Amino acid sequence: MFSDLESRVKTAIVAALVRYAPTSASQVHLEETANLVLVLLSGLDARRAADKTLDLPSMIGTVCRIVEGEIARSAATVCQD
């Protein structure tokens, strides 16, 4: 059940990334970025459980910047090829 849920969430993340990533971004890079999002959100959830004083909006902003960086990196990689 968890595997099915994770698969559906990953598919939804990839679909969202397709909207923001350059059209030249590869499917492999989009899937890797989706995996990164899942890892970051899992870690964020664990940190929030361990530290009730965690500045959640700030951490979410950091996650967003990391994802934006990955999207930008996919564009830069294509430009270098």
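Bear in mind the structure is a predicted one, so any value in this text is a computation, not a measurement.

How two helices pack is summed up by the angle between their axes together with the distance between the axes. Closest axis-to-axis distance for the helix 1 (residues 2-20)/helix 2 (residues 27-50) pair is 9 Å, and the angle between their directions is 120°. When the axes of helix 1 and helix 2 are compared, the pair comes out oblique. The chirality of how helix 1 crosses helix 2 is right-handed. The residues of helix 2 that touch helix 1, namely those facing Glu-6, Val-9, Lys-10, Ile-13, Val-14, Leu-17 and Val-18, are Gln-27, Leu-30, Glu-31, Thr-33, Ala-34, Asn-35, Val-37 and Leu-38. In the contact of helix 1 with helix 2, the residues fall into nine nonpolar, three polar and three charged.

This paragraph deals with the nonpolar core. The nonpolar side chains of a soluble globular protein tend to be buried, and buried together. Grouped together as the largest cluster of nonpolar side chains are twelve residues: Ile-13, Val-14, Leu-17, Ala-21, Ala-25, Leu-30, Ala-34, Val-37, Leu-38, Val-63, Val-67 and Ile-71. Counting residues per element, the ones that place at least two in this core are helix 1, helix 2 and helix 3 (56-80). The element that contributes the greatest number of residues to this core is helix 2, accounting for four residues. Leaving out residues up to four positions away in the same chain, Leu-38 has contacts with Glu-6, Val-9, Lys-10 and Ile-13.

With that out of the way, let us pick up the side chain of Thr-33. As for its position among the elements, Thr-33 is in helix 2. Excluding its chain neighbours within four sequence positions, the residues that come into contact with Thr-33 are Leu-17, Val-67 and Glu-70.

A few words on helix 2. Over its 24 residues, helix 2 runs 35 Å from end to end, which matches the ideal 34 Å to within 8%, given 1.5 Å per residue. Looking only at helix 2, the buried set comprises His-29, Leu-30, Thr-33, Ala-34, Val-37, Leu-38 and Leu-44.

Applying the stated criterion across every chain, the model contains two salt bridges. For Arg-48, the salt bridge is made with Asp-45, and the minimal N-O distance between the two is 3.0 Å. Here Arg-48 and its partner Asp-45 are both found in helix 2, three residues apart, which amounts to about one turn of the helix. Residue classification places Asp-45 among the partly exposed positions, given a relative accessible area of 42%.

Each value, and the rule that gives it
Residues numbered from 1 in each chain as written. Predicted model: local features only at pLDDT ≥ 70, side-chain atom pairs only at ≥ 80, totals over all residues. Heavy atoms only, no water. Axes fitted to C-alpha atoms, helices over the stretch in contact; angles between N-to-C directions. Helix = DSSP H or I, 4+ residues; strand = E, 2+ residues; numbered from the N terminus. Parallel < 35°, antiparallel > 145°, perpendicular 65-115°, else oblique. Left-handed = near helix turned anticlockwise from the far one by under 90°. Contact = heavy atoms within 4.5 Å. Nonpolar A, V, L, I, M, F, W, Y, C, P; charged D, E, K, R; others polar. Core = buried A, V, L, I, M, F, W, Y, C linked by side-chain atoms within 4.5 Å. Buried < 20%, exposed > 50% of the residue type's maximum accessible area, 1.4 Å probe, protein only. Expected span 1.5 Å × (residues − 1). Salt bridge = Lys/Arg side-chain N within 4 Å of Asp/Glu carboxyl O.

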